[in-house]
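# Close look at the chain arrangement
Here is what each chain is made of, one letter per residue.
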Amino acid sequence: MSIIAVRSFPFFFLVNFIALAINLANIRSSLLSVATSRLGKYAKYFALTILFLVIILNLIRFARLASNDYYFSMEKPQRFGINVVARGRNGVNFVLRNKLQGPIFNNFDVGGYLDYRLYPSYQVFVDNRPEAYPKNFFANVYYPMQVNRQNFDTVDNTYHFNLVIYDHLDHDEQFLNMLVHHPDWQLVYLDNYLTVFVKKSVYPQIAQNYAVTEANFNYQSSDYYDNIFLARVSLFLGWNIKAQNYLRAAYQLNPNSLSALNTLGSQYVSNPATAILGRQMLERYNQRISLIWF
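On a predicted model such as this, the values are computed, not experimentally measured, just so you know. (Residues numbered from 1 in each chain as written. Predicted model: local features only at pLDDT ≥ 70, side-chain atom pairs only at ≥ 80, totals over all residues. Heavy atoms only, no water.)

As a further point, take the overall build of the chain. Helices and strands together make up the secondary structure of the chain, namely 13 helices and 4 strands. Across the 294 residues of the chain, 36% fall into the buried class. Residue pairs at least 24 apart in sequence account for 56% of intrachain contacts in the chain once pairs closer than 6 positions are excluded. Accessible surface, the chain as shown: approximately 17,900 Å² in total, 59% of it carbon and sulfur. (Helix = DSSP H or I, 4+ residues; strand = E, 2+ residues; numbered from the N terminus. Buried < 20%, exposed > 50% of the residue type's maximum accessible area, 1.4 Å probe, protein only. Contact = heavy atoms within 4.5 Å. Areas by Shrake-Rupley, 256 points an atom, 1.4 Å probe, with all protein chains shown as cover.)

Most of strand E2 (residues 163-167) sits inside the fold, with 5 of its 5 residues counted as buried. Of the two faces of E2, the one lined by Leu163, Ile165 and Asp167 and the one lined by Val164 and Tyr166 are each fully buried. Here E2 runs beside strand E4 (residues 194-199); their pairing, made up of 5 bridges, is antiparallel. Opposite Tyr166, over in E4, you have Thr195 as the bridge partner. (Pairing = 2+ DSSP bridges.)

When we look at burial in helix H4 (residues 89-97), the residues that qualify are Gly91, Val92, Phe94 and Val95. Down the axis of H4, the smallest arc covering the buried residues is 150°, so these residues share one side. Considering only its buried residues, H4 is in contact with helix H5 (108-118), E2, strand E3 (185-190) and E4. One or two steps after H4, the chain reaches Lys99, where phi turns positive at roughly 55°. (Arc of directions from axis to C-beta.)

Attention now moves to a nonpolar patch on the surface. There is a patch of nonpolar side chains on the surface, built from Phe46, Leu48, Ile50, Leu51, Phe52, Leu53, Val54, Ile55, Ile56, Leu57, Leu59 and Ile60 and spanning about 1,100 Å² of accessible area. You can see Val54 is positioned in helix H2 (residues 43-66). (Patch = residues over 30% accessible without salt bridge, like charges linked within 9 Å, V, L, I, M, F, W, Y side chains within 5 Å. Salt bridge = Lys/Arg side-chain N within 4 Å of Asp/Glu carboxyl O.)

Moving on to helix H12 (residues 258-268). Within the span of H12, buried status applies to Leu258, Ala260, Leu261, Leu264, Gly265 and Tyr268. Buried residues in H12, looked at end-on, bunch into an arc of 160°, giving them a common side.

Here we take up the side chain of Gln146. Within the element layout of this structure, Gln146 appears in the loop between helix H6 (135-142) and helix H7 (149-159). By relative accessible area, Gln146 is classed as buried at 3%. A polar side-chain atom of Gln146 sits 3.0 Å from the main-chain carbonyl oxygen of Tyr142. (Polar contact = N/O pair within 3.5 Å; in protein donor to acceptor, adjacent residues only side chain to side chain.)

This paragraph deals with the confidence of the model for the chain. When the pLDDT values of the chain are averaged, the result is 80; 82% of them are 70 or greater. Here helix H1 (residues 9-39) stands out as the least confident element of the chain, with mean pLDDT 66; E3 is the most confident, with 93. (pLDDT = per-residue confidence, 0-100.)

The residue after Gly102, namely Pro103, is reached through a cis peptide bond having omega 10°. Along the chain, Pro103 turns up in the loop between H4 and strand E1 (104-106). Positive phi, normally seen in glycine, also occurs at Lys99, with a value near 55°. Assignment of secondary structure puts Lys99 in the loop between H4 and E1. Since its relative accessible area comes to 62%, Lys99 is described here as exposed.

Across the sheet, 4 strands lie side by side as E1-E2-E4-E3; this open sheet has mixed pairing. For this open sheet the edge positions go to E1 and E3, each flanked by a neighbour on one side alone. With direction set aside, neighbouring strand axes in the sheet form an average angle of 20°. Lying over the sheet, H5 contacts E1, E2 and E4, oriented at roughly 135° with respect to E1. (Axes fitted to C-alpha atoms, helices over the stretch in contact; angles between N-to-C directions.)

Moving on: the environment of Arg248. Structurally, the position occupied by Arg248 is in helix H11 (residues 240-253). Measuring from C-alpha to C-alpha, the distance between Arg248 and Ala231 comes to 9.3 Å, with 17 residues separating the pair along the chain. Aside from chain neighbours lying at most four places away, what touches Arg248 is Leu264 and Tyr268. In terms of polar contacts, Arg248 uses its side chain to reach the side chain of Asn245, at 3.0 Å. Of the polar contacts made by the side chain of Arg248, one reaches the side chain of Tyr268; its length is 3.1 Å.

So, about the pattern of salt bridges. Under the criterion given, the structure shown has 3 salt bridges. Residue Arg129 pairs with Asp127 through a salt bridge whose shortest N-O separation is 3.0 Å. For Lys199, the salt bridge is made with Asp156, and the minimal N-O distance between the two is 2.9 Å. Of the two residues, Lys199 sits in strand E4 while Asp156 sits in helix H7, which places them 43 residues apart along the sequence. Each of the two residues, Lys199 as well as Asp156, counts as buried.

Below is the structure:
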């Protein structure tokens with residue numbers, strides 16, 4: 001199995017830039033030759049029209065990117081410009097502030113940030129370098145322990161984890177739902193990106209003082225994406241009412257939200273009191289999902 005690291009894409013582009021330019025020049029010559037032979041005196045105007053359309057489309061594309069309209073319409077959290085988004089900062093600060101010690105179990109996506117913030121005092125279980133780990137590790141250890149409680153407990157008995165630091169953007173509903181209902185573990189930190197669990201037998205006081213439940217979790221945000229992420233993790237944890245509240249907040253911030261339209265619409269149609277609104281939301285979702293965005 002071959003793995004291409006995303007961080008290698010810019011280098012790949014630079015290496016192939018010269019060959020790409022030469023090939024494009026050859027294609028241009030071939031197209032002009034074909035156009036001239038078939039279109040005659042109109043070939044020049046045809047080529048200029050195509051060039052003009054390409055320039056206009058690219059300007060529109062750039063305007064949408066620079067104004068963040070593209071990211072917003074596609075429900076992407078990225079923003080145009082140079083910036084650093086350290087979504088795990090507050091969760092790691094919680095770990096350091098309370099002097100919580102490893103061993104740590106963490107997921108793949110957050111591993112690189114944990115390396116940056118915690119190494120060498122802490123060692124991560126996995127980080128964002130697939131090439132640095134054998135295939136058997138992912139196939140026989142990492143993935144199985146996230147889909148089955150018995151598998152997780154077996155690995156835990158080997159490594160004796162004290163902490164689980166897991167970003168919930170990993171879309172791993174099964175693992176988070178399993179762990180939040182695990183008798184040995186307690187969720188003690190949750191925000192728009194990160195979850196932190198402690199082993200109750202190791203940190204009984206922390207587990208009691210910082211226990212996060214559906215009743216006491218009141219994270220508020222005026223950011224649309226935060227509310228989408230919070231709705232998603234609430235569903236993962238089985239907090240359905242909390243998830244609906246965050247979806248409503250996201251819908252108010254962005255009435256064209258595909259996630260809010262689809263999820264809320266599906267829930268509303270099952271209730272006679274909101275069935276009409278639910279059908280309207282699903283119709284809007286189907287209309288928007290069929291559009292092509294560039």
